[in-house]
Each structure stands twice: as C-alpha cells, then as structure tokens.
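Spelled out, the chains give:
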Amino acid sequence: MTEDGPTGEDGRRGFGDRVRAWRGDTAETGRGTPDRIGRVPTLLDPSLVALAVASTIVVMVGGLIQVSHGSYSMTIEQAWAAVFNPNVIFNPQAWDAFLLGEAVPEMSTESLIVWNIRLPRVLVAVLAGMCLAVSGAIFQAVTRNELASPFVLGVSSGAGFTVLLTLVVFSSLTPFLPLLAAVGGTLAFLIVYFIAWKDGTSPIRLVLAGVIVNMVFQSLQRAMFFFADDLGTVQSAMAWITGSLTGVGWEEFRIAAIPTLFAVLFALAGARQLNVLLLGEQTAGSLGMRVERVRFLLSAVAILAASAAIAVAGIISFFGLVVPHIVRLTVGSDYRKLIVGCVFAGPALMVAADVGARLALRPAQIPVGVVTGVVGGPYFLYLMRRQETLGEI
Amino acid sequence: MTGENGCTTDGGTGSLLSEKDDADGADGTPTEDELNEAPAAAASEFAGDDLVIGYPSTDEPVVDGESISVPPGEVTALVGPNGSGKSTLLKGLADQLSLDRGTVRVDGADVHDLGAKRLARKLGLLSQDSTAPNSISVEKLVAHGRYPHRGAFESLTDADRDAIDRAIAMADVDHLRDRDIGSLSGGQQQLAWIAMALAQETDVLLLDEPTTFLDLRHQLQVLEIVERLRDESETTVVLVLHDIEQAAQYADHVVALEDGEIYARGPPESVVTEALLADVFGIDAAVTRTDHGPQVTPLRPLADGDETGGPDGQRD
C-alpha cells in the first residue's frame, strides 16, 4: 500500500503543473479514448482467454478419462453417470463429507467409488498443478532466472529429507507427513535465505545458496535410505520423492485447498510487483519498491504454493519449471496474464500427466512425477532448440 | 587558490554551494505544512551533505566525505574518469546505496525519512543495469514509471495515462509506443527507459550515463530531452556523462570527480580546462572556447605522474 494517496502532498507540485510548453499538445489528447493503456482489461487478451478455455476442456476431458479407470470395473457410461449423479451433486451431506471430512452418506457403489476415490484424485491434481505452476512462475521472476523452479531455493530437498526422516526415524509421526514435508521445505527455504543474505540478497546469491542447500539435504536424504529397514518404507519414501497422486483422496484435497486459494490470490495480487521486479533491482528500487521485502514476501507466497503441492503429491519434478515457460510462450511475459495463465494451464497439464501416469503402463500405475520428468525434460529441450530466447523473462 | 590551473573553487561558484557552511542554511527538516505552502512552480532543492558512500564488499568508501548541492531546476553533470566515483555518488544521492555517513535532502527533507514510494515521487533514477522482458511494449514499460503514484491494487487513472502520454511525447517515442522492447535498437530502448523515468514525474531526475553505448544521433536525442526538461519544466536534473564535451555543452554546471573526491565544480567554462583534463582525466588536450561552450580536442594520454596540477592540497 502507498504511504499516502497518489495525489497526496506531492500532488500540489506535480510534474504537470511545472511543465509549460509541451504539456498543451498532449495532456488532453486521448482522454476518454477507449484504446488507451489499461482501458481494456488485460485479462481479456485473446490468447489468454483461448488458453483458459483450452485448459478447462483438458481438465474436464482428462478428469472424465481418469474417473473411468480403476481397479473396480465399471463401464465408461456408468462412471460418467456417477460423476453427474444428481443425488450426490445436490446432496449437502455428501459435500460435508467431502469438504469437511464427515461421514459419507449412502450412495450407490459406483457413485461412492467415483466420488470418493477417483474424483478427488483429479481435484488434487488440479490443486497441485495450479500451485506448482504459480510457484515456478513467481520464482522465475524473483530470481530473474528462467531455469528457476519451485524447488530452486531448497524446498524439494528440505521436504524430501523431512519425509525420509519421518518415515525412517520418527515413524510415529507418519500421520503428520504432509505437514512435516511442508515444514521441512519451508525450513530449507529459510536456511537458503539466511545464507544468501549479506546486506540484502541478489538473484544469483539466492540461486547459489539454493543449489548448495539442495546438495546437502540430498546427501542427507540418501544417507537416510541406508537406515530404512523394510521395502515398504523405501517404496513409500520413493513415492514421496518422485511425486505421486496415487491414492490421494478428499483428505488431501482438504489439506491443499486453503493454502492453494491463498497462494493463488496473493500471487495474482503480486503480479504487478513481479512485473516491476523484472526491470532489475535498481530500477525497481528507484520506482519506490522495497525490493528486499517484496522479494521475500513473494518468495514466501511461492513457498506456500510449493508446500501445498508437496504436502499432497510429493515432489513432482520439472512441472514448475516447464509450465510457466509454456504459458509465457502463449501469453507473453506480463505477469498479470502469466499468473492467470498458470492457474489454468497448471491444472490442465497436471491432470493430463496424471492420466498418463495411470494409463501408460496399464494396469500398473507409475508416479506422476515420472511422467512429468520424462515428458517435461525433453519438451524443455525442444523449446530450447526451437528458439534462441527460451523463456526470456 | 588554484588560479593558475583554472579550477574553480567554492568561492568562485556562488550558485553551487558546497561544504558545510552553505548546507547549514537548510537547517532542520521543514514540516509538511511548510512544504505545502511552497510556491507551486519552485524547482526542488537537492543536496547531499558530508557523504561517505561505499559498497558492502569493500572496506574503503568510494566517496569519502563530499558535499554537493545541485542548483534547482538546472542541469548538473558529473564527470570524471572510470572509477572516479560518479555513479557511486549518484546512487548514494538516490538512496539506492546506503550512506555510511551524511544526509541527502530533497526540499530540506532527508530522503531516508521519506517512504520509498514518496521518495520515488520526488526523486527518480535511471540506472545502467535496467533489464526488461523483450516482449513488453514501450507503452507498458513507460506505465511502470507510474508505480510510485499507484496503490498496490489501483489501476491506471486518467492522470496516470496523461502522465504516460506526456512522457512518451517528451521522449519522442510515440512512433514506438506499441513496439516490443526486444525489437528496438539500443538507442531506442534507452529513449523508452528515459520515458519511463519521465512518467515518474519527479522533481529531481538522476540519470546514470544515459548516453553511454548509444550512437551519436541517439546521444543527441537523449541530451535534447535533458534540455527540454530544463527549459520546459522545473525538473532538477543530475546526470553522469562520460563525454566531457557533451557535459560542457549541455550542462549548466559541471562537477568533476577524481578518486571519489570532487575536484572542481562550476559552470562549464570554468571547469572544463586544459589543466583539469590533465589532472583529472590524465590527458593532454586543447580546449577552445566556442559558442557551444568549451570544445575539447584530446591530443595524447599523459604518462602517470605527468600531471601538470599542483599538489593535492590545492584541490577542491
């Protein structure tokens, strides 16, 4: 917020008053013309609208495919009928059960399976995709580095280490695993910030500190594997570290929904700050931004988003790196459009990747993190080869 | 004092006050009311007093205890060789580099006590390290100049749009308005950046080497904007210039730095002399008086220690 209104005490001697000759020929022109800057809402940009519509379609189609598959055999018609079953959709009791965790009311087996097991997986994919895409977009601006991802500041390795520590050493705390993973990621981020801080930070110091903290925590992570005594623990840990949506339910949705909502709202509100940060710290500073404070707060928003995704889906690699690039290619680098684009494209790509994770090696399921890595990596290389100015931000 | 080498000292430049005796005149920070009652058209006072400025990574300050006061509504050029501390001084004046000691005042108010956005409405700095996304249009870049005038969630007002139009007209980039920054030449980009700084509509505008790396035509375009700012507005302009001849031609006042110390200050005719070029820039040069100010013809570099100037004690 401003310290005072824009026409506060300085308004009296605004530049305009002090300007004589060149004022006359420009001041009144264009007032009221509709095509002046800012008149047409940025979000009505055709490419952004197209992206949003396409993404929504992908989410719906992907969701319908996802709910049609699973170990309980039912036909596609049965599954889709269950999705649109009015007895569930218009049953407040059912929504209480889904959103607040109360007892699930009577419903047909098909509806129960679709609504209680298959659909929440799609919804959690939507949240995780949204979070990772937005988080990656923020980190790419904060570090002014197109190779930044949600995990660049140590979050993934911190979270991964806490997960292993919990599973291997403090197994009684396993019910709190999502929370602990998020806490571990946040701690690693704070350590990175602390290391990078010397009379303020800079993008390059942050990234370097992040690389080093990542390396240390990854070594610790590997060390923990040697203390795991049974295969189940190792597999569970691997699923966390690779990122998987297998078996997520409404509980995971409830965990991630509120943080996602806040992270996305804050990110949308911070879009203009992100745009100004992209002009360089000096310029942002001379425009009156408190760069360090804004940078820390925006990082915190990105960490909140990344933590929400990690808590429910583990560490899904490459996603937060690639999606902002894809969106940027479509809508340009204006963060007001980019964040909105990520809010739509993230879910679409995550739902699509999760369909891939379920169907690629049917009947076996692979972690969605494997799909994002295997598809995202080569796609990123393709982008890199196709254009010189990859991810120019 | 320095009559033989022609460097003007404090006594010779009444309008350029320096050192403490003059600065003390602006004793205490005027209250908000006093500021409000100031005549609407008055140009801003801008002065730095007893400045010690350094970088966190180095022990020795770059600028050690200098004072500078800039004539309101006029153009002041900081000149000096590489590493003489011009840009450091400018960043310190703009509150972009924290001062180890000293104060910078705009209209009597300590810039450090003004909020960041309030300061940015009074004082603008166009720095050298500006980077912009290639796909941003000139108009949108210029619109960022309104940042300090807008609340966090306010959209552009008509006043903002008028300011953007004025800045674009003044920087003469109207034909580039909808072009992306990435598609412009370096000179055109610099004009767009200047338009952004103009849209900030500050009382004091600091420009860090605005003409460096530009071709001659764009250099002249930039300097014409500076001239227009002086002639058509009350903006106080301070700019770092590499080209001492340009400084002599376009600035009302020249401040020459050497090794972080102000060596000479005053109107171009008295500062730009053969002796100063030898002492500060280490070159042998011929200075001719012309209608456009002193004209400098560089002849050869002087060997180290070949300077014609007197001992340090004679320096300003």
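Residues numbered from 1 in each chain as written. Chains lettered and ligands numbered in written order. Predicted model: local features only at pLDDT ≥ 70, side-chain atom pairs only at ≥ 80, totals over all residues. Heavy atoms only, no water.

**Describing the confidence of the model for chain B**
Residue and element names in this part refer to chain B.
- Looking at chain B as a whole, its pLDDT mean stands at 82, while 83% of the residues score no less than 70.
- Note on residues 1–40: pLDDT is under 50 here. Beyond four places in sequence and across chains, it has 64 contacts.
- Segment residues 307–316: pLDDT under 50, and 19 contacts once partners within four positions in sequence are set aside and those in other chains are kept.
- Among the scores for the predicted complex, ipTM is 0.79 and pTM is 0.84. (pLDDT = per-residue confidence, 0-100. Contact = heavy atoms within 4.5 Å.)

**What about the UniProt feature "transmembrane region" (unreviewed entry) in chain A?**
Residues and elements named next belong to chain A.
- UniProt tags residues 48–67, 122–142, 148–170, 177–196, 202–220, 256–275, 296–326 and 364–384 as "transmembrane region" (unreviewed entry).
- Its end C-alpha atoms 30 Å apart, residues 122–142 is made of 100% helix and 0% strand.
- Along residues 256–275 the backbone is 95% helical and 0% strand, and the end-to-end C-alpha distance reaches 27 Å. (UniProt positions renumbered as here; feature names shortened; annotations may be inferred. Helix = DSSP H or I, 4+ residues; strand = E, 2+ residues; numbered from the N terminus.)

**Some details on helix α9 (residues 177–196) of chain A**
- Here α9 of chain A is 20 residues long and its end C-alpha atoms lie 28 Å apart, about the 28 Å a rise of 1.5 Å per residue gives.
- Elements in contact with the buried residues of α9 of chain A: α8 (155–168), α10 (203–225), α11 (231–242), α12 (250–269) and α15 (291–313) of chain A. (Expected span 1.5 Å × (residues − 1).)

**Topic: the UniProt feature "domain: ABC transporter" (unreviewed entry) in chain B**
- Here the UniProt-annotated "domain: ABC transporter" (unreviewed entry) positions come out as residues 46–284 of chain B.
- Structurally, residues 46–284 of chain B is divided into 35% helix and 24% strand, and its ends, taken at the C-alpha atoms, are 34 Å apart.

**Quick look at the sheet that holds strand β8 (residues 236–240) of chain B**
Residues and elements named next belong to chain B.
- Taken together, the 6 strands give an open sheet; going across it, the order is β6-β7-β8-β3-β9-β10, and neighbouring strands pair in mixed fashion. At either margin of the open sheet sits one strand with a lone partner, and together these are β6 (123–126) and β10 (261–266). Across the sheet, the mean angle from the axis of one strand to that of its neighbour is 15°, orientation sign disregarded.
- In the sheet, strand β7 (residues 204–207) pairs with β8 via 4 bridges, with the strands oriented parallel. (Pairing = 2+ DSSP bridges. Axes fitted to C-alpha atoms, helices over the stretch in contact; angles between N-to-C directions.)

**Focus: the packing of aromatic side chains**
Residues and elements named next belong to chain A.
- Tallying each qualifying case throughout the model produces 12 aromatic pairs over all chains.
- Residues Phe-189 and Tyr-193 carry aromatic rings whose centres are separated by 5.5 Å and whose planes lie at 65° to one another, so their mutual orientation is edge-to-face. Of this pair, Phe-189 and Tyr-193 both sit in helix α9, 4 residues apart, which is roughly one turn of that helix. Exposure class is identical for Phe-189 and Tyr-193. Each is buried.
- With centroids separated by 5.4 Å and ring planes inclined at 80°, the aromatic side chains of Trp-250 and Phe-253 adopt a geometry described as edge-to-face. Of this pair, Trp-250 and Phe-253 both sit in helix α12, 3 residues apart, which is roughly one turn of that helix. (Phe/Tyr/Trp six-rings, centres within 6.5 Å; stacked < 30°, edge-to-face > 60°. Buried < 20%, exposed > 50% of the residue type's maximum accessible area, 1.4 Å probe, protein only.)

**Observations regarding a nonpolar patch on the surface**
All names here are of chain A.
- Together, Val-169, Phe-170, Leu-173, Phe-176, Leu-179, Val-183, Leu-187, Leu-190, Phe-296 and Leu-297 make up an exposed nonpolar region whose accessible area comes to about 900 Å².
- Where the nonpolar patch is concerned, the elements lending two or more residues are α9 and α15.
- It is α9 that provides the largest number of residues to the nonpolar patch, a total of 4 residues.
- By the secondary structure assignment, Leu-190 is in helix α9. (Patch = residues over 30% accessible without salt bridge, like charges linked within 9 Å, V, L, I, M, F, W, Y side chains within 5 Å. Areas by Shrake-Rupley, 256 points an atom, 1.4 Å probe, with all protein chains shown as cover. Salt bridge = Lys/Arg side-chain N within 4 Å of Asp/Glu carboxyl O.)

**Quick notes on the nonpolar core**
- If you look at the biggest cluster of nonpolar residues, it comprises 170 residues, and the most contacted ones within it are Ile-138, Tyr-335, Ile-339 and Met-350 of chain A together with Leu-141, Leu-198 and Leu-239 of chain B.
- Looking at this core element by element, the count peaks at 20 residues for helix α7 (residues 109–142) of chain A.
- For Leu-141 of chain B, the contacting residues outside a window of four places in its chain are Leu-279 of chain A together with Ala-132, Ile-136, Ile-181, Ala-192, Trp-193 and Met-196 of chain B.
- By size, the runner-up hydrophobic cluster in this structure holds 27 residues, among which are Ala-94, Val-111, Leu-123 and Leu-206 of chain B. (Core = buried A, V, L, I, M, F, W, Y, C linked by side-chain atoms within 4.5 Å.)

**Side note on the sheet that holds strand β4 (residues 99–106) of chain B**
Residue and element names in this part refer to chain B.
- Here we have 4 strands laid out as an open sheet, ordered β2-β1-β4-β5, and antiparallel in their pairing. Each of the sheet's edge strands pairs with one partner strand only, and the pair in question is β2 (63–70) and β5 (109–110).
- One ladder, built from 2 bridges, connects β4 with β5; its direction is antiparallel. When the bridges of β5 are listed, Arg-105 appears paired with Asp-110.

**Side note on the layout of surface pockets**
- In this structure, the largest pocket encloses a volume near 1300 Å³.
- Asp-199 and Glu-292 of chain A together with Gln-96, Leu-97 and Ser-98 of chain B are, among the 44 residues lining the largest pocket, the residues nearest its centre.
- Mapped by element, the contributors of at least two residues to the lining of the largest pocket are α14 (281–286) and α15 of chain A together with α4 (116–122) and β6 of chain B.
- Taken together, the residues of the lining of the largest pocket sort by class into 14 nonpolar, 15 polar and 15 charged. (1 Å grid on protein atoms, 1.4 Å probe; cavity = no way out; pocket = protein on both sides within 12 Å on 5 of 7 lines; lining within 4 Å. Points joined across faces, edges and corners; volume = space filled by probe spheres on them. Nonpolar A, V, L, I, M, F, W, Y, C, P; charged D, E, K, R; others polar.)

**Describing the environment of Ala-271 of chain A**
Residues and elements named next belong to chain A.
- Note that Ala-271 resides in helix α13 (residues 271–277).
- Here Ala-271 falls in the buried class, since its relative accessible area comes to 2%.
- In the structure, Ala-271 is positioned 160 residues away from Ser-111 in sequence and 41 Å away in space, judged by C-alpha atoms.
- In this view, Ala-271 contacts Tyr-335 and Arg-336; residues no more than four positions away in its chain are not counted.

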